[in-house]
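If you want the building blocks of each chain, they are given just below.
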Amino acid sequence: ILHSEEFDAPVPLPGPVNTAGAEDSAYVLPDGNTLYFCFVADPRMPPEKQLFDGASGIWVSHKVEGRWQQPERVVLQDKGELALDGCACVQGGTLWFGSARKGNFRGVDLWTAEWKEGKWADWRNAGKTLNVDYEAGEMHITADGKEMYFHSERAGGKGGMDVWHTRVGDSG
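Small disclaimer: the values here were computed from a predicted structure and weren't measured.

Q: For this particular structure, what's the right way to read the overall build of the protein chain?
A: What the protein chain contains, in helices and strands, is 2 helices and 12 strands. The N-to-C order of helical and strand elements in the protein chain reads β-β-α-β-β-β-β-β-β-β-α-β-β-β. For the protein chain, the C-alpha radius of gyration of 17 Å lies close to 16 Å, the compact-globule estimate for 172 residues. Taken along the three principal axes of its C-alpha coordinates, the protein chain extends 50 × 40 × 35 Å. With 172 residues in all, the protein chain has 36% of them scored as buried. Contacts spanning at least 24 positions in sequence make up 31% of the contacts within the protein chain whose residues lie at least 6 apart. By element, 54% of the accessible surface of the protein chain is carried by carbon and sulfur atoms, the whole surface being about 11100 Å². With 17 positive and 26 negative side-chain charges, the protein chain shows a separation of 5 Å between the mean positions of the two kinds.

Structural data, given as structure tokens:
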């Protein structure tokens, strides 16, 4: 049990971010003014149907003058391609995210995209080491970019989903 007097009682986020759908995996950039989150229109809908709903995925909202603005969907696939994206983490000009799509090693892999000309582009699979060898799931990178924390069911843990971490090596 965690006990902390550090924070006030939680309240729902005001403004247009919360809806009748499901919002989760909130990630706020260090500036405190950019919020990425995963949205699913109907959490009872199976993922294979979420692929086609045109709404489920990563969304972003910006805080202007202390108020969160209308969120916009972050599109990380070409027209006609199917992908279900979530669990965003931004490190510098790189967006890390989980995705169910063609080109995966497993059901959901980690992918990256680069910020170019005002949008996320050049998305690519994060590779065999993270996705197969480490079995990395939802993850976050430390502010200095030197450590990654992720959940995984990989062998050697305490059971079920465990939190793992890895550091950037000499070759990183």
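Q: Just to check I follow, could you spell out the sheet that holds strand β11 (residues 147–152) for this structure?
A: Within a sheet, neighbouring strands are paired by backbone hydrogen bonds and run either parallel or antiparallel to one another. The sheet built from 3 strands is open, its strands ordered β10-β11-β12 with antiparallel pairing. Only two strands of the sheet have a single partner each, and these edge strands are β10 (139–141) and β12 (162–167). This sheet shows a mean twist of 20° between the axes of neighbouring strands, independent of strand direction. Bridge analysis of β11 against β12 gives 6 bridges, and the strand direction is antiparallel. Each residue of the ladder has a partner; that of serine 152, found in β12, is aspartate 162.

Q: I tried to follow unusual backbone geometry on my own but got confused; where do I start?
A: A negative phi angle characterises most non-glycine residues, just as the trans form characterises most peptide bonds. Phi angles above zero are rare outside glycine, and serine 25 is one such case at about 50°. Taking the relative accessible area as the measure of exposure, serine 25 reaches 17% and is therefore buried. A positive phi is found at glutamate 65, a non-glycine position, where the angle reads about 50°. You can see glutamate 65 is positioned in the loop between β3 (57–64) and β4 (67–68).

Q: How should I be thinking about the layout of surface pockets in this particular structure?
A: The gaps of empty space that remain are located by a probe, the size of a water molecule, rolled over the atoms. Counted as a void, the largest pocket has a volume near 530 Å³. Considering the residues around the largest pocket, the lining is formed by 29 residues, among which Cys87, Gly98, Ser99, Val108 and His151 are closest to the centre. Of all the elements in the fold, those that place two or more residues in the lining of the largest pocket are β1 (22–28), β2 (34–40), α1 (47–50), β6 (83–91), β7 (94–101), β8 (109–116) and β11. Top contributing element to the lining of the largest pocket by residue count: β6, with 4 residues.

Q: What's the story with the pairing of β3 in this structure? I'm lost.
A: Every other side chain in a regular strand lies on the same face of the sheet, so the side chains alternate between the two faces. Relative to β3, β2 runs antiparallel, the two sharing 6 bridges. Directly across from tyrosine 36, in β3, lies its bridge partner valine 60. Pairing between β3 and strand β5 (residues 72–73): 2 bridges, direction antiparallel. Pairing of valine 60 across the sheet is with glutamate 72, part of β5. Sheet analysis places β3 next to β4, joined by 2 bridges and oriented antiparallel. The residue of β4 that forms the bridge with valine 64 is arginine 67. Counted between consecutive antiparallel strands, the loop separating β3 from β4 contains 2 residues, among which glutamate 65 sits at a positive phi close to 50°.

Q: I keep staring at empty space enclosed by the protein and nothing clicks. Help me out?
A: According to the stated counting rule, one finds 1 cavity of 30 Å³ or more in the structure shown. By volume, the largest cavity amounts to about 40 Å³. In terms of lining, the largest cavity is formed by Ser56, Gly57, Ile58, Arg73, Val74, Val75, Leu76, Gln77, Ala83 and Asp85. Within the residue set of the lining of the largest cavity, elements represented by two or more residues are β3 and β6.

Thresholds, definitions, all that
Residues numbered from 1 in each chain as written. Predicted model: local features only at pLDDT ≥ 70, side-chain atom pairs only at ≥ 80, totals over all residues. Heavy atoms only, no water. Helix = DSSP H or I, 4+ residues; strand = E, 2+ residues; numbered from the N terminus. Rg over C-alpha atoms; globule rule 2.2 N^0.38 Å. Buried < 20%, exposed > 50% of the residue type's maximum accessible area, 1.4 Å probe, protein only. Contact = heavy atoms within 4.5 Å. Areas by Shrake-Rupley, 256 points an atom, 1.4 Å probe, with all protein chains shown as cover. Lys, Arg positive; Asp, Glu negative; His and termini not counted. Charge placed at Lys NZ, Arg CZ, Asp CG, Glu CD. Pairing = 2+ DSSP bridges. Axes fitted to C-alpha atoms, helices over the stretch in contact; angles between N-to-C directions. 1 Å grid on protein atoms, 1.4 Å probe; cavity = no way out; pocket = protein on both sides within 12 Å on 5 of 7 lines; lining within 4 Å. Points joined across faces, edges and corners; volume = space filled by probe spheres on them.

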